[in-house]
Amino acid sequence: RPMAERLFLLNPDWHDDQGGPWFCPAGAYVEGVLAFYPRLREVLEVVYLDHARPRPPAIEQVGEAHQSCPILVLDGELDWPEARVSEATGKRFLQDHAIAPYLAARYGVGRPHP
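Peer 1: Quick one: what's the story with the overall build of the protein, residue by residue and with numbers?
Peer 2: Regarding its fold elements, the protein presents four helices and seven strands. Reading the protein from its N terminus to its C terminus gives the helix and strand order β-β-β-α-α-β-α-β-β-β-α. Against the 2.2 N^0.38 benchmark of 13 Å for 114 residues, the protein shows a C-alpha radius of gyration of 14 Å, consistent with a compact globule. Buried residues in the protein amount to 39% of all 114 residues. The long-range fraction of contacts in the protein, counting pairs at least 24 apart against all pairs at least 6 apart in sequence, stands at 57%. For the protein, the exposed surface amounts to about 6,600 Å²; the carbon and sulfur share of it is 55%. In the protein, the 11 positive side-chain charges and the 16 negative ones have mean positions that sit 5 Å from each other.

Peer 1: Any details on the pairing of strand β1 (residues 5-10)? Residues and values, ideally.
Peer 2: Residues in a regular strand project their side chains so that they alternate between the two faces of the sheet. Of all six residues making up β1, six are buried, and the element is well covered by its neighbours. Here β1 shows no split at all, with Glu5, Leu7 and Leu9 on one side and Arg6, Phe8 and Leu10 on the other all buried. Judged from the six bridges that link them, β1 and strand β4 (residues 44-49) form a sheet pairing that is parallel. Its bridge partner lying in β4, Arg6 is registered against Glu45. For β1 and strand β5 (residues 71-73), the ladder comprises three bridges, and the chain directions are antiparallel.

What counts, and at which threshold
Residues numbered from 1 in each chain as written. Predicted model: local features only at pLDDT ≥ 70, side-chain atom pairs only at ≥ 80, totals over all residues. Heavy atoms only, no water. Helix = DSSP H or I, 4+ residues; strand = E, 2+ residues; numbered from the N terminus. Rg over C-alpha atoms; globule rule 2.2 N^0.38 Å. Buried < 20%, exposed > 50% of the residue type's maximum accessible area, 1.4 Å probe, protein only. Contact = heavy atoms within 4.5 Å. Areas by Shrake-Rupley, 256 points an atom, 1.4 Å probe, with all protein chains shown as cover. Lys, Arg positive; Asp, Glu negative; His and termini not counted. Charge placed at Lys NZ, Arg CZ, Asp CG, Glu CD. Pairing = 2+ DSSP bridges.

As far as function goes, none of this settles anything; it's purely spatial.
Shown next, in the form of structure tokens:
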């Protein structure tokens, strides 16, 4: 089977020039989806990154311009018109709240209520 789709999330409790500790709200939303549907962790490769930039594992997949997490790098098996394409790598990906509707369509989990 091809490589799993890769989901990049930020570790919580970072500090920056505005204080802290912080967590990523969009990442917490995706973590909630993973908590509701634990089987997603069996089909996705979930990678946790520190907040500090640069974030080399994400840059390697989608380029420096798109390293804001959460990021889901798609494997291309499901045609998803909303996917963005990295200019640097050609890989298709989703960020932030665009991730959950895709997971619902691809893996049959619940959808976010409109």
